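# Commentary on secondary and tertiary structure
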Amino acid sequence: MNPFTMMKDAKNMEKMMKPALEKFMKDAGFVKKEELEPLKRRIAELEAEVSRMKS
């Protein structure tokens, strides 16, 4: 067994699995943190705007 061949195979498996894993996570409702933060800020802005309108 050649360790270099094993590393090459592992990298190829990662290349194949990464898009499938990302698609699964997206379809399952998982969100990346960097995508979530701007949405949280926008929600806070909208909540503040709604509370100002009620006052």
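Our subject in this report is the structure included herewith. Since the structure is predicted, the reported quantities are computational estimates derived from the model, not experimental observations. (Residues numbered from 1 in each chain as written. Predicted model: local features only at pLDDT ≥ 70, side-chain atom pairs only at ≥ 80, totals over all residues. Heavy atoms only, no water.)

### Digging into the overall build of the protein
Operational definition: Strands are runs of DSSP state E lasting at least 2 residues, helices are runs of H or I lasting at least 4, and numbering of each runs from the N terminus. Only C-alpha atoms enter the radius of gyration; for comparison, a globular chain is expected to reach 2.2 Å times N to the power 0.38, where N is the number of residues. Surface exposure here means Shrake-Rupley accessible area, sampled with a 1.4 Å probe, where a residue is shielded only by the protein chains that are shown. Residues scored as positive are Lys and Arg, those scored as negative are Asp and Glu, and His as well as the terminal groups of each chain are ignored. In this description, the location of a charge corresponds to atom NZ of lysine, CZ of arginine, CG of aspartate or CD of glutamate.
On a plain count of helices and strands, the protein comes out with 2 helices and 0 strands. Computed over the C-alpha atoms, the radius of gyration of the protein is 21 Å, more than 25% above the 10 Å expected from 2.2 N^0.38 for a compact globule of 55 residues. Per element, the accessible surface of the protein, about 5,700 Å² overall, is 65% carbon and sulfur. Both charge centroids of the protein, one from 13 positive and one from 10 negative side chains, sit 2 Å from each other.

### Quick notes on helix α1 (residues 3-28)
Selection criterion: Each residue after the first adds 1.5 Å to the expected span of a helix. A residue's bend is simply the angle between two axes: one fitted to the seven residues ending at it, one to the seven starting at it. Throughout, exposure labels follow a simple rule: accessible area from a 1.4 Å probe, protein chains only, divided by the maximum for the residue type, with under 20% read as buried, over 50% as exposed, and the rest as partly exposed. Polar contact is the term for a pair of N or O atoms within 3.5 Å; when the atoms are in protein, one must be able to donate a hydrogen and the other to accept it, and sequence-neighboring residues count only if both atoms are side-chain atoms.
Counted at 1.5 Å a residue, the expected span for α1 with its 26 residues is 38 Å, and the 36 Å between its end C-alpha atoms agrees. Approximately 30° is the largest bend angle found in α1, and it occurs at Met17, with the proline Pro19 only one to four residues beyond. Counting buried positions over the 26 residues of α1 gives 0, only a small fraction of the element. Measuring from the backbone nitrogen of Phe4 back to the side-chain oxygen at the start of α1 gives 2.9 Å, which picks out Asn2 as the cap. Just past α1, the residue Gly29 takes up positive phi, approximately 100°.

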